[in-house]
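# Structural features, examined
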Amino acid sequence: MSGGSGGGSGGGGPSLMDSLFQRTLDDLIKGIRLHTPGAAQSSFISKSVDEIRREIKSTDLQTKSTALQKLTYLHSLHGFDMSWAAFHAVELTSSPSFAHKKTGYLAASLSFRPSTEVLLLLTNQLRKDLSSTNQHEVSLALECLSVICTADFARDLTPDIFTLLTSSKNFIRKKSIACLLMIFSQYPDAVRVCFKRLVENLESTDNAQTLAATVGVFCELASKEPRTYLPLAPEFYRILVDSRNNWVLIKVLKIFAKLAKLEPRLAKKVVEPICDHMKRSEAKSLVFECVRTIVSSFYEYEFAVKLAVSKIKEFLLDTDLNLKYLGLQGLLLVAPNHLWAVLENKEVVIKSLSDVDRNIRLEALRLVMSMVSDDNVNEICRVLIGYALKSDPEFCNEILRSMLSTCSRNVYEIINDFDWYVSLLGEMARIPHCQNGEEIEYQLIDIGMRVKDVRPELVRVARDLLIDPALLGNPFIHRILSAAAWVSGEYVWFSKNPFEIMEALLQPRTNLLSPSIRALYIHSVFKVLSFCLHSFLLPHKPATSSSSKLVDEPDFTYSESEEEANVDLATTSSSLSKKNAFTRESMVNMLALVLTSLSPLAESHDVEIQERVRNVLGLAQLAQEEISCDLDNKEKIIDGVALKTSNLIRLINDALSEDLGPVSSSAQERVPIPDGLLLEDNLGKLDTICADVQLPISESFSLVKPVLTDVDSVSIRQNEESSETSAAESTSLLSEHRKRHGIFYLPSDNNQNASTSFPPANDPNERDNDVEDLVRLTEESLVLKRKSNLSRPRPVVVKLDEGDRLPITRAKTESNDDLISGAVRDVLLGDENSPPAPAPHSKVEKSEIGDSSRRKSKHRKEKKHQNVEESKQKSGGRHGRHKARQRADEGINVAVQIQKPVIPDFLL
């Protein structure tokens, strides 16, 4: 009875009986394991969290500690939020019991964030524990501070960390050194206070753990701004020669790998000790770090590189898969500067493509792709396609992804035969496990816009993809089919049989496509239909030819680039007319197919499909009426009589045959916004703004030229005058346009007599003996060869003018890394203009630093040096001036002591 009353009067807190029979962390873990994952386990965890919420409110610290332990476990393994228990964690950190304190600090380390409201309540407790005589309490405070440190924590606790750097207990000194890295990153001014002590620990050799922690801190600092730590090279060299701790040597090697790129004279001193470690050490980790340092920073020394390559070969031949993986990584580092090393181990690399370990296969693939050049790209890609067909789906897509990335690098700079490459893209799409549809789609369209000479072959590849109904069942290549449909419609005049493309675009299985891709199919149908109608109704007037202006449209103008782009189009159209490819019967059948296939989609719920279908149906119905006329009417059309349908088809075909070029991703940013234009304003007042603008009103659709006003006549005459401009003036205008918009309009270099006898992209009969072929190709690719003059010249690839890109000015903000480097540089070089580094050797000075830092916590963002001077003047007295002078002298002494081992003396 008493237990029940106690639970009711506790305001939701646990009763005495609940505390006595409280479930421990072990009980919680056993209970979770007894329940099967799913609803039962979630229900048990929810009930446990409710119990924890009651237990953690207890005034008994043991009950609170157990509840916080369970909550921390649920937070770590099951992701439960424990931010609501932050205050209880702070309570436990102040407990005199070490077990309770440990639980509180652990919970704070795992759950506290910079936005935690009770974070500042932990400052005094951290300061108290950092000055404790119990080294384990100091250790807990240091570990927690290194995780949750903020700028306020770092500023307020820097004097305490400074004192611990000279602790007689190596256990404490090691952890305080490691904590400095977080202190520096949050409060760069702490460098001026603690850097001298950090360098002193670097010079001490009495304890290996302290030295390891110090070198680890310098390794992290030097990785961000290595130039600042060049004056410490003599100390690092001493450690490299004298130390026998493998992990310390690995960190020092990482530091020298950064410093050697800044100071070439270091190589003469460092390369010999590194080779000695590589020969003598049996630790594979240290040997590999020596190899990586040599091949990345000291590759000019041939004897060192040969030794490193011999160690790499040992890794490659080892039965341990981990060492084999490291050997491939080392060979990948050697390859850019020493290809002979790859040639010596080529068989191992190629066989690694079939290794059971996936990571080894990936490294071998990266190594093979690093050797690809414009001379061997065709053969290597052929062999890799064979590997892709035999590999598992994941590695197959890695091979395809690597090939696509390598071949498209720097706007396809290693591709000379684009006909071969687009056929390779088509073959990639047919690989059963291909899941790189998005990238293949992009490259098919991109190559079509950039390389004009490849468009006939591109249309052929697109046709082969479209006519295969089996490909429509693979959703991973629907994006590739969308690119094929776009290419077939955009460059339809290169097609040998447009009727075949029309049937492929309208086949019944296209209902498996997504609405967006199907809408693109329908738009390609519109392009193909307009081209066929134009070729049938106007066979003697090539599409968009520069010599065939519309009779009723005298204000049409054509640029020189359009004339050049339409030469092939006119030739193709005329050839089709000679062969009588477009007959009345074929056109009637095509129109019937279009109307039959697309009529059900006219009421589609997708607005994009509905709109495009209605456009196609409208054009097909107009054409059907025109074709059904008698022969006399058709002859009139051919003779150029301006009838409605023929003029409409001519206008549509001229618009669709406009050549598209690549557009820079930053093109929109280059367009300047006119003054006074507010793009985000509501356009509700558009009618008021455009009240003076008179729009043409017509009751019905008509192609007859409207009655022109005087203003319109003037504008038309101006257009006619501008169309008669000389070629030189057009060129200058085009040049100005390129400067504004950053796009090159390069002319196509069509060579009609060029050889087209290219090897097939991938011959299925040549996929045997892949390993031997790739080994042979690798060996041949490493031999410098003179290119044959009989090869086909590389076609023109349109590129964007990146040089005309407008510079984007951004306010440069100084990061904490820059502040740390500046502070280190000031201390090492003894900059007298920098603020003096306080040296709190006594308790009085330590408390003064802490008090002053707390007093200036709210007003220290700007003019910090002036505030320091004003505080000195206000304090007055001979004693204050003496202390300031003493601190300044100590700061100079620090710089002088550290500056003694300068690099020139060390290297001489």
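Since the model is a prediction, treat every value here as computed from it, not as a measurement. (Residues numbered from 1 in each chain as written. Predicted model: local features only at pLDDT ≥ 70, side-chain atom pairs only at ≥ 80, totals over all residues. Heavy atoms only, no water.)

Moving on, we come to the overall build of the protein chain. Within the protein chain, the regular secondary structure consists of 47 helices and zero strands. Buried positions account for 45% of the 908 residues belonging to the protein chain. For the protein chain, contacts bridging at least 24 residues in sequence account for 73% of all contacts bridging at least 6. Working note: accessible area of the protein chain is about 48300 Å², and carbon and sulfur atoms make up 52% of it. (Helix = DSSP H or I, 4+ residues; strand = E, 2+ residues; numbered from the N terminus. Buried < 20%, exposed > 50% of the residue type's maximum accessible area, 1.4 Å probe, protein only. Contact = heavy atoms within 4.5 Å. Areas by Shrake-Rupley, 256 points an atom, 1.4 Å probe, with all protein chains shown as cover.)

Moving on, we come to the packing of helix α15 (residues 246–259) against helix α17 (residues 284–297). Where α15 contacts α17, the two axes come as close as 10 Å, and the packing angle between them is 10 degrees. Judged by the angle between their axes, α15 and α17 are roughly parallel. Residue-level contacts link Asn246, Leu249, Ile250, Leu253, Lys254 and Ala257 of α15 to Ser285, Leu286, Glu289, Cys290, Arg292, Thr293 and Ser297 of α17. Looking at the contact of α15 with α17 residue by residue, the class counts come to six nonpolar, four polar and three charged. (Axes fitted to C-alpha atoms, helices over the stretch in contact; angles between N-to-C directions. Parallel < 35°, antiparallel > 145°, perpendicular 65-115°, else oblique. Nonpolar A, V, L, I, M, F, W, Y, C, P; charged D, E, K, R; others polar.)

This part is about helix α29 (residues 478–490). The terminal C-alpha atoms of α29, which comprises 13 residues, lie 18 Å apart, in line with the 18 Å expected from a rise of 1.5 Å per residue. A large share of α29 lies buried, amounting to 12 of its 13 residues. Residues of α29 that are buried: His478, Ile480, Leu481, Ser482, Ala483, Ala484, Ala485, Trp486, Val487, Ser488, Gly489 and Glu490. Those residues of α29 hidden inside the fold are in contact with α26 (418–429), α27 (437–450), α28 (455–466), α30 (498–505), α31 (515–537) and α37 (644–656). (Expected span 1.5 Å × (residues − 1).)

With that settled, the discussion passes to the pattern of salt bridges. One pass over the full model with this rule turns up 28 salt bridges. Here lysine 324 and aspartate 355 are joined by a salt bridge, their closest N and O atoms 3.2 Å apart. With lysine 324 in helix α19 (residues 321–334) and aspartate 355 in the loop between α21 (346–351) and α22 (358–370), the pair connects residues that are 31 residues apart, well separated along the chain. Look at lysine 324 and you get buried, because its relative accessible area is 15%. With a relative accessible area of 13%, aspartate 355 lands in the buried category. (Salt bridge = Lys/Arg side-chain N within 4 Å of Asp/Glu carboxyl O.)

Right, let's get into the nonpolar core. Among the nonpolar cores identified, the biggest contains 226 residues, and Phe112, Phe195, Phe218, Tyr421 and Leu598 are the most heavily contacted of them. It is α31 that provides the largest number of residues to this core, a total of 13 residues. Setting aside chain neighbours within four positions, we find phenylalanine 218 in contact with Phe195, Leu198, Val199, Leu202, Tyr229, Leu232, Phe236 and Ile255. (Core = buried A, V, L, I, M, F, W, Y, C linked by side-chain atoms within 4.5 Å.)

Following both chains from N to C, one finds helix α16 (residues 266–280) and α17 inclined at 145 degrees, their axes separated by 9 Å at the closest point. As for how α16 packs across α17, the hand of that crossing is left-handed. Along the contact surface, α16 presents Val271, Ile274, His277 and Met278, while α17 presents Val287, Cys290, Val291, Thr293 and Ile294. (Left-handed = near helix turned anticlockwise from the far one by under 90°.)

Phi is positive for valine 411, which is not a glycine, with a value near 55 degrees. Tracing the backbone through its elements, the reader meets valine 411 in helix α25 (residues 409–412). Overall, valine 411 belongs to the partly exposed group, its relative accessible area being 25%. Even without glycine at this site, tyrosine 412 takes up a positive phi of about 60 degrees.

Attention shifts here to helix α23 (residues 377–390). With 14 residues, α23 ought to run about 20 Å at 1.5 Å a step, and its terminal C-alpha atoms sit 20 Å apart, in line with that. With 11 of its 14 residues buried, α23 lies for the most part within the structure. What α23 keeps buried is the set Val377, Asn378, Ile380, Cys381, Arg382, Val383, Leu384, Ile385, Gly386, Tyr387 and Ala388.

What follows concerns the side chain of lysine 346. In this fold, lysine 346 is placed in helix α21. A polar atom in the side chain of lysine 346 sits 3.4 Å from the backbone oxygen of leucine 343. (Polar contact = N/O pair within 3.5 Å; in protein donor to acceptor, adjacent residues only side chain to side chain.)

Counting across every chain of the model gives 11 aromatic pairs. With 6.2 Å between their ring centres and 75 degrees between their planes, phenylalanine 288 and phenylalanine 315 make a pair best called edge-to-face. Taken as a pair, phenylalanine 288 in helix α17 and phenylalanine 315 in helix α18 (residues 302–317) lie far apart in primary sequence, 27 residues in all. Judged on exposure class, the residue phenylalanine 288 and its partner phenylalanine 315 are both buried. Considering the side-chain rings of tyrosine 491 and tryptophan 493, the 6.3 Å spacing of their centres and the 85 degrees angle between planes classify their relative orientation as edge-to-face. Taking relative accessible area as the criterion, tyrosine 491 reaches 1% and is therefore assigned buried. According to the relative accessible area criterion, tryptophan 493 is buried, its value standing at 8%. By the ring-pair criterion, three or more aromatic residues cluster together here, those being Phe195, Phe218, Tyr229 and Phe236. (Phe/Tyr/Trp six-rings, centres within 6.5 Å; stacked < 30°, edge-to-face > 60°.)

A word on the confidence of the model for the protein chain. Reading fine detail from the predicted coordinates is not recommended where pLDDT is low. Averaged over all residues, the pLDDT of the protein chain is 76; the fraction at 70 or higher stands at 68%. Low pLDDT (under 50) marks residues 1–11, which in the prediction has five contacts with non-local residues, meaning those over four places away or in another chain. (pLDDT = per-residue confidence, 0-100.)

For the rest of this paragraph, the subject is the environment of serine 76. One can find serine 76 in helix α5 (residues 61–78). Within the local environment of serine 76, its side chain forms a polar contact with the backbone oxygen of threonine 72, the two atoms lying 2.9 Å apart.

This brings us to the state of the cysteines. Under the criterion given, the structure shown has zero disulfides. The structure places no disulfide on cysteine 194, whose sulfur is separated from the nearest cysteine sulfur, that of cysteine 179, by 9.9 Å. (Disulfide = S-S within 2.5 Å.)

The residue aspartate 453 is located in the loop between α27 and α28 in this model. What makes aspartate 453 buried here is its relative accessible area of 18%. Along the backbone, aspartate 453 and aspartate 419 are 34 residues apart, and their C-alpha atoms lie at a distance of 8.7 Å.

This next bit is on the environment of leucine 262. Considering the arrangement of structural elements, one finds leucine 262 in the loop between α15 and α16. Between the alpha carbons of leucine 262 and proline 226 there is a distance of 8.2 Å; along the sequence they are 36 residues apart. Leave out the neighbours within four places in its chain, and leucine 262 touches Pro226, Arg227 and Leu230.

Bringing the side chain of serine 167 into the picture now. Topologically, serine 167 is positioned in the loop between α10 (151–164) and α11 (170–186). The exposure class of serine 167 is buried, given its relative accessible area of 17%. At 3.2 Å, the side chain of serine 167 forms a polar contact with the backbone nitrogen of lysine 169. Residue contacts for serine 167: discarding those within four places in its chain leaves Ile172 and Arg173.

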